[in-house]
Amino acid sequence: MFPIAIIDLGSNTIVLEVYNQKKETIYHESVPAHLIQYVDSNRLMSQKGLSVAHDTIAYFKKYLHNHQIQHVHIVITEPARIQNQSALLSELMSFGYPIYPLKGEEEAYYDSLAIEANHPDLKEWFAFDIGGGSTELIHQTGQKKELYSIPLGCVRLANEPYSLEQLASILRKTTNLNPNLLFHKATVLGIGGTIRAIGQVLQPHIISPLLKATDIQSFYQHLLTNHFETRRLIQQYVPESRQLLILPGLKMILSLIHHFQISEIQVSQEGIRQGFLHGLLKQ
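Residues numbered from 1 in each chain as written. Predicted model: local features only at pLDDT ≥ 70, side-chain atom pairs only at ≥ 80, totals over all residues. Heavy atoms only, no water.

### So, helix α11 (residues 272-282)
With nine of its eleven residues buried, α11 lies for the most part within the structure. Those residues of α11 lying buried are I272, R273, Q274, G275, F276, L277, H278, G279 and L280. At its buried positions, α11 is contacted by β1 (4-9), β2 (14-19), β3 (25-31), β4 (71-76), β5 (99-101) and α3 (104-118). (Buried < 20%, exposed > 50% of the residue type's maximum accessible area, 1.4 Å probe, protein only. Helix = DSSP H or I, 4+ residues; strand = E, 2+ residues; numbered from the N terminus. Contact = heavy atoms within 4.5 Å.)

### Concerning the sheet that holds β2
Strands sit in the order β3-β2-β1-β4-β5 across an open sheet of five strands; the sheet is mixed. The open sheet has two edge strands, β3 and β5, and neither has a second partner. On average, each strand axis in the sheet is tilted by 15° relative to the strand beside it, whichever way the strands run. Across six bridges, β1 lies against β4 in parallel orientation. (Pairing = 2+ DSSP bridges. Axes fitted to C-alpha atoms, helices over the stretch in contact; angles between N-to-C directions.)

### Observations regarding helix α6 (residues 193-202)
Judged by how many residues are buried, α6 sits mostly within the fold: seven of ten residues are covered. If you check which residues of α6 are buried, you get G193, T194, I195, A197, I198, G199 and V201.

### Thoughts on the nonpolar core
Within the largest apolar cluster, 42 residues are counted, with the highest numbers of intra-cluster contacts made by F128, L137, I253 and I265. In terms of residues, this core owes the most to one element, helix α10 (residues 246-260), which gives eight residues. In this structure I253 touches F128, I130, T194, I195, I198, I216 and I265, once residues within four positions along its chain are discounted. Membership of the second largest hydrophobic core comes to 29 residues, among which are L16, A33, V39 and I69. (Core = buried A, V, L, I, M, F, W, Y, C linked by side-chain atoms within 4.5 Å.)

### So, the pairing of strand β7 (residues 135-141)
Buried residues dominate β7, accounting for six of its seven residues. Here seven bridges tie strand β6 (residues 124-130) to β7, and the two strands are oriented antiparallel to one another. What sits directly across from F126, in β7, is H139. Hairpin connection of β6 to β7: four residues between the antiparallel strands. In the sheet, β7 pairs with strand β8 (residues 144-150) via seven bridges, with the strands oriented antiparallel. Across the sheet, residue L137 finds its bridge partner in β8, namely Y148. Hairpin connection of β7 to β8: two residues between the antiparallel strands, including G142 at a positive phi of 60°.

### A closer look at the sheet that holds strand β10 (residues 210-212)
The sheet built from six strands is open, its strands ordered β8-β7-β6-β9-β11-β10 with mixed pairing. On the outer flanks of this sheet lie β8 and β10, each paired with one strand and no other. On average, each strand axis in the sheet is inclined to that of its neighbour by 25°, with strand direction left out of account. Its contacts with the sheet place helix α7 (residues 213-224) against β10 and β11 (264-267), and it is angled at close to 65° to β10. Sitting on the sheet, α10 is in contact with β6, β7 and β11, with an inclination near 155° to β6.

### Observations concerning the packing of α6 against α7
Close contact between α6 and α7 brings their axes to 11 Å; oriented N to C, the two are set at 90°. As judged from the angle between their axes, α6 and α7 are roughly perpendicular. Contacts between α6 and α7 involve I198, V201 and L202 from the first element and D215, I216 and F219 from the second. (Parallel < 35°, antiparallel > 145°, perpendicular 65-115°, else oblique.)

### With respect to the pairing of β4
Counting buried residues in β4 gives five out of six residues, a clear majority hidden from the surface. Here three bridges tie β4 to β5, and the two strands are oriented parallel to one another. Opposite I76, over in β5, you have P101 as the bridge partner.

All quantities given are derived from atomic positions and should not be read as evidence of function.
What follows is the structure, given as structure tokens:
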């Protein structure tokens, strides 16, 4: 069965990861495809976007073929929620790989499997996963999971600026509908490229840093004032394709901090791909 390859087709990046029998990543490559820019206000992806998705998978297939990797799975997150999903699936079916178009709550579920596997001692926890086009929220107590997806991520927030007040209103509506998302004194984990990038800037030599909410707030203020040292650190530690997404992603993180009264965030290196792998191995 191993090695297993997972292609994670997201709204900002398309990522290939290959795992060995120990569930270790033996190959990782990320392409900043920015598929969300090809989705219009009617949630339709243009032919150009469909072609970018197809061509990126074709590029990955060369590596997979050359290394004789046969067990390949395509996971589609936010781009699967377009109106012309069938057109996207049609573009990708020619490769012959199984395809898994995920709803927002399904994406949150696989995030939860990754957290469970890597933090088995946690009895209660809350996690958020800020992607390019959506944000997933998970609250778990024991085996009980509360899963929710908000159709706003760092790329969409960059193109459709929301104020902190507007984001706070969205979160209030979310928790009014799902009161069990609210929690008290649970460990908080941050998933996704935005929170990892912030961790790299604030604590560059720690793999999974524990970030204080006050430090994140200060970082946001420094960005707003174009603080020279902050900009220099971003250029040093954050890939160029992600640098412009830091500020909109920070807005969502600060909204979560204020709404849920979060004091600390543990940066997680795991996410949808690792969770999907654990889900596959359970079958």
